[in-house]
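So you can see what is in the structure, the chains are spelled out below.
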Amino acid sequence: MKAENVTIRPLDTFSKQVKVLGSKSYSNRYLAIAALSGQATTIEGALVCDDTQYLANALRQFGHVSVDVDAAAERITVTPTGEPMRGPAEEVYVGAAGTPIRFLISMAGHADGTTVLTGTKRMQERPMGSLLDALPGLGVAAEAVRGNGSPPIKVTGPSFRGGSTRISGAVSSQFTSSLLINATRAEQDTEVVIIDDLVSKPYVEMTIAALAEMGVTVKREGYTRFTVAAGQKLRGGSVTVEPDASGMSYFLAAAAVLGGTVTIPGIGKDSKQGDVGLVEALVRMGCTAEVTDTSITLSGGDLRGIDIDMEAMPDVVPTLAVVAAFAQGTTHISNIASLRIKECDRIAAVTTELRKMGITVEEHPDAMTITGGSPKGAVIDTYDDHRIAMCFAIAGLRTEGVVIQDPGCVAKSFPTFWKTLDSLHDGTTSTI
């Protein structure tokens, strides 16, 4: 029977090594790249979650690859079938998986025939217009079925020939990543020009790193122009995914608010995941950290508020906001307008739930200001958003009476989250 809520049991402190599942961002990237490579590819350490399962299912629908997902082994294997890539007769449904649908919109430009991509009600509100505007420059006919720039999206192929296009980077970096990944299969060189400021730049760095790992070089001029030369061959074989920095954030936060110590193995100072930047933010707030080539260790301290621009790591803003609720003074988190169009409006959601806990929060269009204090227990609405559920669970480690509604929503990115949280104290959270 599905649990409707989970009551978090407070913990005095802890000192542990915590294993975090593989990066969702890298798993999605390697899965998309593998589907375009024409080679058998094994992704080790892959995150098997709702998002990657939706992407795997979508790739199977195109018919040109088989995708074997082994959750227990944390392994995804992609094997060419020898069949051509065809637009599926059925709609491609991706649930709430934002990265997969953006990669798939461009990928459908390689498939023969028509592809229709759709998702949840919230997904059908999320903007895709910048990507749709850019695709015709590369030969791809793509349109929003309802004419509103949001899914369902209809794509007609095979038409992704390459060439030059211009795109806005102001809404999502995933649009740029989608073009770069799919340019690997274009007949012509592909040039992508960013016409404004690119948000969430580390995610494009991850895309470029993943492509390089698989044999394709992206030439660039900073964050304004990217070129993928035609004729480069993606390699198959094996690739290993590092731990998820966004998933790691909750256990860093646990150490911060409890004055404990956590070590995350398998991820280190050379990681290109932008969310690793949360470590530096927490150090500024009073924690101490040791970052090596192969691990990150963080210990809590006397927390104080900071002023921080989080444009480069929006997914860990809710985590930082919860830590800020326990810090002395105010924390101003700015340049986070992109959070308005995530799985929910995360600025509004975090503001609402922290206020339930008695914390003063000023909400702005692209920022929030949190005055730290002593959060009290509350029933937390999670808005079908995995990140809201996980970050407020951390508040419950220090505050009695925190109840998380719809705990199953964490399956989107961290299906073993509750088990991992339980491991911090030699007991379990109580389920009602």
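Right above here is the structure, for reference.
Residues numbered from 1 in each chain as written. Predicted model: local features only at pLDDT ≥ 70, side-chain atom pairs only at ≥ 80, totals over all residues. Heavy atoms only, no water.

Student: In this structure, what is going on with the overall build of the chain? I would like to understand it.
Tutor: Per the secondary structure count, the chain includes twelve helices and 24 strands. Taking 2.2 N^0.38 as the reference for a compact globule, 432 residues should give roughly 22 Å; the C-alpha atoms of the chain span a radius of gyration of 21 Å, in line with that estimate. Along the first, second and third principal axes, the C-alpha atoms of the chain reach 60 × 40 × 40 Å. With 432 residues in all, the chain has 59% of them scored as buried. Surface exposure of the chain reaches about 15,600 Å², of which carbon and sulfur atoms provide 47%. The averaged location of the 48 negative side-chain charges in the chain is 2 Å from the averaged location of its 38 positive side-chain charges. (Helix = DSSP H or I, 4+ residues; strand = E, 2+ residues; numbered from the N terminus. Rg over C-alpha atoms; globule rule 2.2 N^0.38 Å. Buried < 20%, exposed > 50% of the residue type's maximum accessible area, 1.4 Å probe, protein only. Areas by Shrake-Rupley, 256 points an atom, 1.4 Å probe, with all protein chains shown as cover. Lys, Arg positive; Asp, Glu negative; His and termini not counted. Charge placed at Lys NZ, Arg CZ, Asp CG, Glu CD.)

Student: Mind showing me how you'd approach the packing of aromatic side chains here?
Tutor: Under the criterion given, the structure shown has seven aromatic pairs. Centre to centre, the rings of phenylalanine 417 and tryptophan 418 are 5.0 Å apart; their planes meet at 75°, and the pair counts as edge-to-face. Residue phenylalanine 417 shares its accessibility class with tryptophan 418, and that shared class is buried. Counting every residue linked through ring pairs, the aromatic cluster contains Tyr250, Phe251, Phe414, Phe417 and Trp418. In this structure, lysine 201 is placed above the aromatic ring of tyrosine 223, and the distance from its NZ or CZ to the ring centre is 5.6 Å. Arginine 220 extends its terminal NZ or CZ atom over the ring of tyrosine 223, reaching a point 4.9 Å from the ring centre. (Phe/Tyr/Trp six-rings, centres within 6.5 Å; stacked < 30°, edge-to-face > 60°. Lys NZ or Arg CZ within 6 Å of the ring centre and 35° of its normal.)

Student: I'm lost on the sheet that holds strand 16 (residues 288–291) in this one. Help?
Tutor: Sheets are built from strands that pair by backbone hydrogen bonding, the pairs being arranged parallel or antiparallel. One open sheet accounts for four strands, arranged 2-15-17-16; its pairing is mixed. Only two strands of the sheet have a single neighbouring strand rather than two, namely strand 2 (15–17) and strand 16. Strand-to-strand twist in this sheet, taken as the mean axis angle between neighbours without regard to direction, amounts to 10°. Here helix 7 (residues 245–258) sits on the sheet and contacts strand 15 (261–265) and strand 17 (295–299); the angle it forms with strand 15, its principal contact strand, is near 160°. (Pairing = 2+ DSSP bridges. Axes fitted to C-alpha atoms, helices over the stretch in contact; angles between N-to-C directions. Contact = heavy atoms within 4.5 Å.)

Student: Mind showing me how you'd approach helix 11 (residues 386–396) here?
Tutor: The α-helix winds at 3.6 residues per turn, so residues separated by three or four positions along the chain end up facing the same way. Within helix 11, eleven of the eleven residues are buried, leaving the element largely enclosed by the surrounding structure. Restricting attention to buried positions, one finds in helix 11 the residues His386, Arg387, Ile388, Ala389, Met390, Cys391, Phe392, Ala393, Ile394, Ala395 and Gly396. Of the residues flanking the start of helix 11, the one acting as N-cap is aspartate 385, its side-chain oxygen 3.0 Å from the backbone nitrogen of arginine 387. (Polar contact = N/O pair within 3.5 Å; in protein donor to acceptor, adjacent residues only side chain to side chain.)

Student: Please clarify how the state of the cysteines should be interpreted in this entry.
Tutor: A covalent bond between the sulfur atoms of two cysteines is referred to as a disulfide. Tallying each qualifying case throughout the model produces zero disulfides. Counting only cysteine sulfurs, cysteine 344 is the nearest neighbor of cysteine 391, a cysteine outside any disulfide, at a range of 9.6 Å. You can call cysteine 391 buried: its relative accessible area is 1%. In this model cysteine 409 remains outside any disulfide bridge; the closest cysteine sulfur is found in cysteine 344, 9.5 Å from its own. (Disulfide = S-S within 2.5 Å.)

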